[in-house]
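# An overview of the molecular structure
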Amino acid sequence: MEPMPSTELSVEDQQALRQIARASIEYALENGKPLRPDPAELSEVLLAPGACFVTLLQDGSLRGCIGSLEAVRPLAEDVAENAFAAAFRDPRFSSLSKSEWDRCEIEISVLTPAVDLPVSSEEDLVEHLVPGKHGVILKCGSRRATYLPSVWEMLPDPYQFIGELKRKAGLPREYWGADIKIEIYSAIKF
């Protein structure tokens, strides 16, 4: 089963989301909290519930990445909150400083709703995945991990992709059991 097609984002909506992410981080550098986008200035698409990940790159290397897998708030608000969290709450990094901010780039990935992908084995999963297109959510008991479609650029081998995703979820790379559940989604990245 393929993820549902995502809402098309116009160039204007993408530009507005980039500005919201940048403004949220700049606001937080001065005020210690994320910017709240003004609904009166937003298109219907940006006011509709949406899920996204915001990734910060500093000199081409990962500097923070936080996101939402489910659409529970307006997309513009999700971008503002996740930009703030990527800059200041990613546990892998210290809080972003003003001097670092000048060297950062922002990537935003707007996600389609995730859909269940019933698979019986790791081989079955690999047969169904489309590298570069599918983001994957792996669930096993209380453990959950995801890789965005863009992670295929760093992990192009499907077995390595899944092995690292299992490791991210706190499972052994070799583990496969009936308790593993898979969902897939796609994303618009800009």
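Anyway, here's the lowdown on the structure attached to this text. The structure displayed is predicted, hence computed values, not measured ones. (Residues numbered from 1 in each chain as written. Predicted model: local features only at pLDDT ≥ 70, side-chain atom pairs only at ≥ 80, totals over all residues. Heavy atoms only, no water.)

The end-to-end C-alpha separation of helix 3 (residues 75-88) is 20 Å, in line with the 20 Å expected for 14 residues at 1.5 Å each. Of all 14 residues that make up helix 3, 13 are buried, and the element is covered over most of its length. (Helix = DSSP H or I, 4+ residues; strand = E, 2+ residues; numbered from the N terminus. Expected span 1.5 Å × (residues − 1). Buried < 20%, exposed > 50% of the residue type's maximum accessible area, 1.4 Å probe, protein only.)

Right, let's get into the sheet that holds strand 7 (residues 143-147). Across the sheet, four strands lie side by side as 5-8-6-7; this open sheet has antiparallel pairing. The sheet is open, and its two borders are formed by strand 5 (115-116) and strand 7, each paired with just one other strand. Strand direction decides the pairing type here: strand 6 (residues 135-140) and strand 7, joined by five bridges, are antiparallel. Its bridge partner lying in strand 7, Ile137 is registered against Thr146. Seen against the sheet, helix 6 (residues 158-168) touches strand 6, strand 7 and strand 8 (180-185) and runs at an angle of roughly 140° to strand 7. (Pairing = 2+ DSSP bridges. Contact = heavy atoms within 4.5 Å. Axes fitted to C-alpha atoms, helices over the stretch in contact; angles between N-to-C directions.)

Turning to the nonpolar core, a few remarks are in order. Judged by nonpolar contacts, the single largest core of 29 residues is most densely connected at Leu17, Ile25 and Ile108. At the level of elements, helix 1 (11-31), strand 1 (49-58), helix 3 and strand 4 (104-111) are the ones that each hand at least two residues to this core. Sorting elements by how many residues they give to this core places helix 3 first, with nine residues. Those residues in contact with Ile108 that lie beyond four places of it in its chain are Leu17, Arg18, Ala21, Cys52, Phe53, Val54, Val79, Ile188, Lys189 and Phe190. By size, the runner-up hydrophobic cluster in this structure holds 21 residues, among which are Leu117, Leu138, Ala169 and Ile180. (Core = buried A, V, L, I, M, F, W, Y, C linked by side-chain atoms within 4.5 Å.)

On to unusual backbone geometry, then. A positive phi angle, near 50°, is found at Asp59, a position not held by glycine. Residue placement: Asp59 occurs in the loop between strand 1 and strand 2 (61-67).

Axis separation between helix 1 and helix 3 bottoms out at 8 Å; the angle between their running directions is 45°. The angle between helix 1 and helix 3 falls in the class oblique. Relative to helix 3, the crossing made by helix 1 is right-handed. Where helix 1 abuts helix 3, its residues Leu17, Ile20, Ala21, Ser24, Ile25, Ala28 and Leu29 lie against Leu75, Ala76, Val79, Ala80, Ala83, Phe84, Ala87 and Phe88. Broken down by class, the residue content of the contact of helix 1 with helix 3 amounts to 14 nonpolar, one polar and no charged. (Parallel < 35°, antiparallel > 145°, perpendicular 65-115°, else oblique. Left-handed = near helix turned anticlockwise from the far one by under 90°. Nonpolar A, V, L, I, M, F, W, Y, C, P; charged D, E, K, R; others polar.)

What follows covers the environment of Asp90. When you line up the elements, Asp90 lands in the loop between helix 3 and helix 4 (98-101). Under the relative-accessibility criterion, Asp90 is labelled buried at 3%. In this structure, the C-alpha to C-alpha distance between Asp90 and Glu26, residues 64 residues apart in sequence, is 17 Å. Polar side-chain contacts of Asp90 include one of 2.9 Å to the backbone nitrogen of Cys65. A distance of 2.6 Å separates a polar atom in the side chain of Asp90 from a polar atom in the side chain of Arg92. (Polar contact = N/O pair within 3.5 Å; in protein donor to acceptor, adjacent residues only side chain to side chain.)

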